[in-house]
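Fold and contact review
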Amino acid sequence: MWQILTADTLLSRLSAPEHDALANAAAGWGQEAPLAAIAHEVAEDWRGGLRRVTALDKRTDAVPSEILIHVLADFRYRAFTRLPGMRGLLDERRVAEWDRAMAVRDALAKVSYAPPENENLEAPDAVALPTPQISVTHNHILD
């Protein structure tokens, strides 16, 4: 099953102190909806790697549930390192989770993914590139 990565997806998976601190930091940030912007960036980054190994869900920011925990570790790390006052929550455990997420992102081809539901399956490219063809001319014999 594919899920759309949103700020709420991340906030629902945090401890209570992390949730409160991140929600307050995001609300106090000058940029509009910083968590939504980070979620979109993270989803696009992971989807770029996934595009090479599986069919994508056509919904913007949808990621496979098989790797959601790793996607969320990346999302959390980026939010904690960008928003003011959040670095204090980035302890060794959270950094280790992010390191593991980066290892998974670099090895996306080693994970099996359930395809998106048919109505959400991204349409294949309409333009097919020509494949190279070998032709023999002048009755040459190939060894």
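Further up the page is the structure itself.
Residues numbered from 1 in each chain as written. Predicted model: local features only at pLDDT ≥ 70, side-chain atom pairs only at ≥ 80, totals over all residues. Heavy atoms only, no water.

Structural notes on the overall build of the protein chain
- From N to C terminus, the protein chain includes five helices and two strands.
- Counting helices and strands in the order they occur from the N terminus, the protein chain gives β-α-α-α-β-α-α.
- Out of the 143 residues in the protein chain, the part that is buried amounts to 36%.
- A separation of at least 24 residues holds for 78% of the contacts in the protein chain among residues at least 6 apart in sequence.
- Of the accessible surface of the protein chain, which amounts to about 9100 Å², a share of 53% is contributed by carbon and sulfur atoms. (Helix = DSSP H or I, 4+ residues; strand = E, 2+ residues; numbered from the N terminus. Buried < 20%, exposed > 50% of the residue type's maximum accessible area, 1.4 Å probe, protein only. Contact = heavy atoms within 4.5 Å. Areas by Shrake-Rupley, 256 points an atom, 1.4 Å probe, with all protein chains shown as cover.)

Some words on the packing of aromatic side chains
- This model, assessed by the stated rule, comprises one aromatic pair.
- A ring pair is formed by Tyr77 and Trp98, whose centres lie 4.0 Å apart and whose planes are at 15 degrees; its orientation type is stacked. One end of the pair, Tyr77, is in helix α4 (residues 68-82); the other, Trp98, is in helix α5 (residues 92-106), and 21 residues separate them in sequence.
- You can call Tyr77 partly exposed: its relative accessible area is 22%. (Phe/Tyr/Trp six-rings, centres within 6.5 Å; stacked < 30°, edge-to-face > 60°.)

Remarks on the packing of α4 against α5
- Interhelical geometry of α4 versus α5 gives an angle of 125 degrees and a closest axis separation of 8 Å. One finds that α4 runs oblique with respect to α5. Between α4 and α5 the crossing geometry is left-handed. On α5, the residues touching His70, Ala73, Asp74, Arg76, Tyr77 and Arg78 of α4 are Arg94, Glu97, Trp98, Arg100, Ala101, Met102, Val104 and Arg105.
- Taken together, the residues of the contact of α4 with α5 break down into six nonpolar, one polar and seven charged. (Axes fitted to C-alpha atoms, helices over the stretch in contact; angles between N-to-C directions. Parallel < 35°, antiparallel > 145°, perpendicular 65-115°, else oblique. Left-handed = near helix turned anticlockwise from the far one by under 90°. Nonpolar A, V, L, I, M, F, W, Y, C, P; charged D, E, K, R; others polar.)

What about the side chain of Asp74?
- Looking at the element boundaries, Asp74 is found in helix α4.
- Sequence-distant contacts of Asp74, that is, excluding residues within four places in its chain, are made with Val42, Asp45, Trp46, Trp98, Ala101, Met102 and Arg105.

Structural notes on the nonpolar core
- Counting 35 residues, the largest nonpolar core has Leu5, Leu22, Leu35, Trp46, Ile67 and Phe75 as the members making the most contacts within it.
- Discounting residues that sit within four places of it in the chain, Leu22 has contacts with Leu10, Leu11, Leu14, Leu35, Ala79, Phe80, Leu83 and Met86. (Core = buried A, V, L, I, M, F, W, Y, C linked by side-chain atoms within 4.5 Å.)

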